[in-house]
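# Results of the structural survey
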Amino acid sequence: MSTYPRTSDQAAAETALRLPGTRKRAAASNDFAIIRRLLRDYMGRRWNRLAVAAACMLTTAGMSGVLAWLLDPATRELFLDNNARMLLIIPLAIVGVVALRAATAFGEQYILNNVAERVVADVQRDMFSSQIRLDIATLNEIHSGELVSKFLYDATLLRGAITRGVAGLGKEFVTLVVLAAVMIYEDWQLALISVILLPLAAWVTQRLSRSLRKSSTRGMEETGTLSRALSEALAGRRIVKAYSLEAYAAGAAESRIAQRLKFILRAARARAAAVPSTDLVGGLAAAATVAFAGYQHLHGHLAINQFFAFTGAMLLAQQPVRTLSQLWTISTEGLSAANRIFALIDTKPGISDRGDARPLVVGPAPDGGSIRLENVSFTYREEGAAALNQISLDIPAGRKVALVGPSGAGKSTIFNLLLRFYDLDEGTIRIDGQDIRAVTLESLRANIALVTQEPFLFDETIADNIALGRRDASREEIVAAARAAAADGFISELPRGYDSRIGEGGLRLSGGQRQRIAIARAMLRNAPILLLDEATSALDAESERQVRDALARLTQGRTTVVIAHRLSTVLDADRIYVLDQGQLAEWGTHAELVARGGLYARLYRHDLAEDTGNEAARTTAARG
Ligand SMILES: Nc1ncnc2c1ncn2[C@@H]1O[C@H](COP(=O)(O)OP(=O)(O)OP(=O)(O)O)[C@@H](O)[C@H]1O
Ligand SMILES: [Mg+2]
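The structure presented is a predicted model; accordingly, all values stated were derived computationally and were not measured. (Residues numbered from 1 in each chain as written. Chains lettered and ligands numbered in written order. Predicted model: local features only at pLDDT ≥ 70, side-chain atom pairs only at ≥ 80, totals over all residues. Heavy atoms only, no water.)

## Details of the nonpolar core
Membership of the largest hydrophobic core comes to 47 residues, with the highest contact counts inside it found for I466, Y498, V570, I576 and Y600. No other element matches the seven residues that helix 17 (residues 511-525) contributes to this core. Residues I371, F378, F415 and Y422 belong to the second largest nonpolar core, which totals 33 residues. (Core = buried A, V, L, I, M, F, W, Y, C linked by side-chain atoms within 4.5 Å. Buried < 20%, exposed > 50% of the residue type's maximum accessible area, 1.4 Å probe, protein only. Helix = DSSP H or I, 4+ residues; strand = E, 2+ residues; numbered from the N terminus.)

Structure (structure tokens):
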């Protein structure tokens, strides 16, 4: 389903993530339940506006009936009775009725659009806040591009259903009833002929709308895949360029666009056929009416004024019939969009506070913030290999503890569990003696600052990005944090200083600068526990020194767990845990571990050789 070729591993991971039970979606509700929920949660609150709109709607429909009926007195008074006085009154009456109808039609449309836009805004707000509260595992399953298309496309369908669908259905239906009443009043037998043809019109409409619904659903799915391909191509732009995949990406996008076009065109054809085909049925009705009316008149049963009013009503009725055939599809499309939206809103996070959760209490630094892992086992996916197997760690308060080990050993997984991004399968994790599953998520995370391998910066100002550490920080505190993180220097040199905006993905800053901003963010958070996933990307000697100094200041007086990729950075750690394939291989201080001659000693020798190699290369380069 992706634009780029994927490894079978990734494909397997994706399939596994869709196992039943991992998705906690609400079961599909029926249309009635959807409408009730829309009314209760989103439209009910705006009942006064809706009441005005309904009044406008009824007036509009009524005025259409009056307009048709006016043809009766007009023909009788002016043409049959030659009443000169009516020459002014009847045209004035027509103008009055038309003006009133225009005003109420405007009011109704305006109010309905107003309500619909507010409903859409509310729905989007609910969608966003429910999605962002999901746990990491569920969020990993969602593709941003598809979510965006749901946000925009489904919301548009819903708006259409409210402004045109639900309201339109009501209005056109009432109009039709009023016009039918006029027709029956003028000549019930004639009216009967038109009514007989109604089932035919209904049948045509239904066939068309079924095909429209099918192809528009497929079109909407393809819109999702297209926006997914687009966001993927943009997110991976550096890889696209580096591997010259432009033509490949363009080709993939082209086939998606062609696929989408196919369904959209099919929907367009069905939509375009809706009006002409009902018109055709309407034409049949007109022909039958004229034939029967002529017959009635020849036998003296129908006066010309009645015929005019009847024909007027019938012609006016064509529009509602036409619209109804379109509105039916709009409403059903809107309802299925609402169903998808509600399913999204109802997705429950897999990880949440226990009913009796209490806030985590951490003692003041440097005595607070001890962490103990007791026989912790964890597997990401049911049938996968264990990422952690019976791990026990003891991380004393206020100390620096390092996690080292080969790639895939489970180091980052320990961070994921500490932050409760995932819940462990076996064992317990305690912070200052409190089981992390018994405390609130918010208090747990408030006591932990995380600095990741690839610091993520939002497309906001630098000051805003640092302030994410603590939302209520003052400018002075932000600057102080930046200074401590050795970031104040380069920030002040930027043309707009702390108010400079970071582009999407923070591309305008170097790796070392981004890291220092992330460190400043953690400084500001001032949490007793610090989790550091050290950057693997090599920095130049100067930025590395600056980042290291900043980190040294940050870790002071805090319980620090650092994932070290280069062992030279953890020589001073109070304790080093060596992980291998989810198991605890050995632990001790640097000196103890080197003396043991185990995995750590091997990794260290390897690291050392690499560093000396780099040093030698640098010296050679300097000489040459
Ligand atoms: N979100 C995930 N879903 C499924 N499996 C995962 C996920 N994240 C990690 N794993 C698997 O769990 C194991 C441990 O991964 P982890 O990220 O903890 O390794 P690591 O020690 O941090 O490695 P590195 O040094 O490369 O960052 C690996 O086998 C990995 O494939
Ligand atoms: Mg990792």
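Here the narrative resumes, following the displayed structure.
## Some remarks on the site of ligand 1
What surrounds ligand 1 is the set Y380, R381, A387, S407, G408, A409, G410, K411, S412, T413, Y422 and H565. Note that an oxygen atom of ligand 1 is positioned 2.4 Å from one of the side-chain N or O atoms of T413. Here a nitrogen atom of ligand 1 sits 3.5 Å away from a polar atom, N or O, in the side chain of Y422. Notes on ligand 1: free accessible area 630 Å², of which the protein chains cover 62%. Classifying every residue of the shell around ligand 1 by side-chain character gives four nonpolar, six polar and two charged. (Near = heavy atom within 4 Å. Polar contact = N/O pair within 3.5 Å; in protein donor to acceptor, adjacent residues only side chain to side chain. Areas by Shrake-Rupley, 256 points an atom, 1.4 Å probe, with all protein chains shown as cover. Nonpolar A, V, L, I, M, F, W, Y, C, P; charged D, E, K, R; others polar.)

## Here's the deal with a nonpolar patch on the surface
Residues L71, F79, L80, I304 and F308 make up a contiguous nonpolar surface patch of roughly 470 Å² in combined accessible area. For the nonpolar patch, the secondary-structure elements that each account for two or more residues are helix 3 (47-80) and helix 11 (304-345). Of all the elements, helix 3 adds the most residues to the nonpolar patch, at three residues. Relative to the assigned elements, L71 resides in helix 3. (Patch = residues over 30% accessible without salt bridge, like charges linked within 9 Å, V, L, I, M, F, W, Y side chains within 5 Å. Salt bridge = Lys/Arg side-chain N within 4 Å of Asp/Glu carboxyl O.)

## Side note on the sheet that holds strand 8 (residues 559-563)
What the six strands build is an open sheet, ordered 6-7-8-3-9-10; its pairing is mixed. For this open sheet the edge positions go to strand 6 (448-451) and strand 10 (583-588), each flanked by a neighbour on one side alone. Pairs of neighbouring strands in the sheet enclose a mean axial angle of 15°, with direction left out of account. Inspection of the sheet shows strand 7 (residues 529-533) paired to strand 8 by five bridges, in the parallel sense. When the bridges of strand 8 are listed, D533 appears paired with I563. (Pairing = 2+ DSSP bridges. Axes fitted to C-alpha atoms, helices over the stretch in contact; angles between N-to-C directions.)

## Topic: the packing of aromatic side chains
All told, the structure shown has 11 aromatic pairs when counted by the stated rule. Where Y600 meets Y604, the ring centres are 6.3 Å apart and the plane angle is 5°; that geometry is what we call stacked. Of this pair, Y600 and Y604 both sit in helix 20 (residues 599-623), four residues apart, roughly one helical turn. Across the pair, Y604 and Y600 agree in class, each one buried. (Phe/Tyr/Trp six-rings, centres within 6.5 Å; stacked < 30°, edge-to-face > 60°.)

## So, a positive patch on the surface
On the surface, R207, R210, K214, K262, R266 and R269 cluster together to form a positively charged patch. Turning to its location among the elements, R207 is positioned in helix 8 (residues 198-235). (Lys, Arg positive; Asp, Glu negative; His and termini not counted. Charge placed at Lys NZ, Arg CZ, Asp CG, Glu CD.)

## Here's the deal with the pairing of strand 4 (residues 426-431)
Strand direction decides the pairing type here: strand 1 (residues 371-378) and strand 4, joined by five bridges, are antiparallel. Paired with R372 across the bridge in strand 4 is R430. In this structure, strand 4 lies alongside strand 5 (residues 434-435), joined through two bridges in antiparallel fashion. Within the sheet, the bridge partner assigned to I431 lies in strand 5 and is Q434. Counting the residues between successive antiparallel strands, the hairpin from strand 4 to strand 5 contains two residues, one of them, D432, with a positive phi of roughly 50°.

## Remarks on unusual backbone geometry
The phi dihedral of Q390 is positive, around 50°, even though this residue is not glycine. Checked against the element boundaries, Q390 lands in strand 2 (residues 388-395). On the accessibility criterion, Q390 (42% relative accessible area) is partly exposed. If you check the backbone angles, D432 has positive phi at about 50° while not being a glycine. Here D432 shows up in the loop between strand 4 and strand 5.

## Description of the side chain of N447
Mapped onto the elements, N447 comes out in the loop between helix 13 (441-446) and strand 6. Residue N447 is classed as buried on the basis of its relative accessible area, which comes to 14%. In terms of polar contacts, N447 uses its side chain to reach the backbone carbonyl oxygen of S443, at 2.9 Å. Those residues within four positions of N447 in sequence are excluded, and the remaining contacts are L360, V362, A527, P528 and I529. (Contact = heavy atoms within 4.5 Å.)

## Observations regarding the pattern of salt bridges
Counted under the stated rule, the structure contains 24 salt bridges. The salt bridge partner of R354 is D356, with a shortest N-O separation of 3.3 Å. Among the salt bridges present, the one from R372 reaches D394, with a minimum N-O distance of 3.7 Å. In this pair, R372 is assigned in strand 1 and D394 in strand 2, connecting sequence segments 22 residues apart. For R372, a relative accessible area of 41% puts it in the partly exposed group. Bridged by salt links that share partners, the residues R45, R46, D122, R125 and D126 form one connected network.

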